[in-house]
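A structural walkthrough
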Amino acid sequence: MQLKLGISIAAVGALSIAALASLNVSNLSHAQSPYVTQIGSSIRGLSTQEINDLLNGRGAGYARTAELNSYPGPRHVLDLRQELVLSSEQEQQIEATFRQMNTEAKQVGQNIVELERKFSNAFAQRTISESEIEEQTQELAMLYGQYRVIHLQPHLEVQRLLSPEQIAKYDELRGYSDASVQPTPNSPAHHH
């Protein structure tokens, strides 16, 4: 009798666990993916905004680490030229830096978009192989790294062209110089 009771309790327990598992699975099947908005994108795996940013050479956060550490970006410095009181020489040098960066970024961005399209199509057509995944992922990683370098290096150039006061003003205008945000001992402002 005790054995039957034990088996019955175990069976009820197993059924309860199975019921809970199916409940969780059914809840998951109703959870919408954050990627659902990308179904209509011309390249599944990239949003329309990401494609546009790459094709237009936009930074799209690739230089965020420089920006948040007091290395101003050329596009934003040019947008704030009046507030920063740029000299004509500073403005010309920063414009040249921006043009070169933008030209290179558009070129690499185009390469990324083409390879992402090829990658997406191989999945869509069910022709992707394990070796192609490895090869194309590595190639994309190199291109994305190159794209990031293209956006980071101009921040170094611009930082050298601006005075510590201009950098402090830039940080203030961009909202980075909050009283609660203290510069680190290695921040560029301490080296000028």
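Computed from a predicted structure; not experimentally measured. Each chain has its residues counted from 1, following the order in which its sequence is written. Confidence filtering applies because this is a predicted model: local features only for residues at pLDDT of at least 70, side-chain atom pairs given and counted only at 80 or more, and all residues used for totals across whole chains, interfaces and linings. Where side-chain values are given, they derive from all heavy atoms of the structure, hydrogens and water being excluded.

Thoughts on the packing of aromatic side chains
Two aromatic rings from Phe, Tyr or Trp, using only the six-membered ring of Trp, form a pair when their centres are within 6.5 Å; if the ring planes differ by under 30 degrees the pair is stacked, by over 60 it is edge-to-face, and anything between is tilted. Inspection of the entire model under this criterion finds 3 aromatic pairs. Between the aromatic rings of Tyr62 and Tyr147, the centroid separation amounts to 5.2 Å while the plane-to-plane angle is 80°, which identifies the pairing as edge-to-face. Of this pair, Tyr62 sits in the loop between helix H2 (48-55) and helix H3 (64-67) while Tyr147 sits in helix H7 (residues 130-161), placing them 85 residues apart in sequence. Relative accessible area serves as the criterion here: at 23%, Tyr62 is assigned to the partly exposed category. With a relative accessible area of 0%, Tyr147 lands in the buried category. Relative to Phe123, the ring of Phe119 has its centre 5.4 Å away and its plane inclined at 85°; by these criteria the two rings are edge-to-face. With a gap of 4 residues between them, Phe119 and Phe123 both fall in helix H6 (residues 88-124), about one helical turn apart. Judged by relative accessible area, Phe119 falls into the buried class, the value being 15%. Aromatic ring contacts, followed pair by pair, group Tyr62, Tyr144 and Tyr147 into a single cluster. Runs of E in the DSSP output that reach at least two residues are strands. Runs of H or I that reach at least four are helices, and both are numbered from the N terminus. Type-normalised accessible area, obtained with a 1.4 Å probe on protein chains alone, sets the label of each residue: buried when under 20%, exposed when over 50%, and partly exposed for intermediate values.

Digging into helix H8 (residues 164-173)
Taken as a whole, H8 has its buried residues at Gln166, Ile167, Tyr170 and Asp171. Looking straight down H8, one finds that the buried residues subtend no more than 140° of arc, so they occupy a single side. Between two residues, a contact is recorded if the distance between any of their heavy atoms is within 4.5 Å. Contacts from the buried residues of H8 go to H3, helix H4 (74-79), helix H5 (81-84), H6 and H7. The first or second residue beyond H8 is Gly175, which carries a positive phi of 85°. Each C-beta atom gives one direction from the helix axis, and the arc is the one those directions make.

Section: the packing of H6 against H7
Axis definition: a line fitted to C-alpha atoms, limited for helices to the stretch in contact. Angles are taken between N-to-C directions and run from 0 to 180 degrees. Where H6 contacts H7, the two axes come as close as 10 Å, and the packing angle between them is 170°. What the angle tells us is that H6 and H7 run roughly antiparallel. Residue composition of the contact of H6 with H7, grouped by class: 17 nonpolar, 9 polar and 6 charged. Our angle categories are set so that under 35 degrees counts as roughly parallel, over 145 as roughly antiparallel, 65 to 115 as roughly perpendicular, and the remainder as oblique. Throughout this entry, Asp, Glu, Lys and Arg are counted as charged residues, while Ala, Val, Leu, Ile, Met, Phe, Trp, Tyr, Cys and Pro are counted as nonpolar. The remaining residues, Gly among them, count as polar.

A closer look at H2
Within H2 the residues assigned to the buried category are Ile51, Asp53 and Leu54. Buried residues in H2, looked at end-on, bunch into an arc of 165°, giving them a common side. Against H6 and H7 lie the buried residues of H2. Phi turns positive one or two residues past the end of H2, at Gly57, with a value near 70°.

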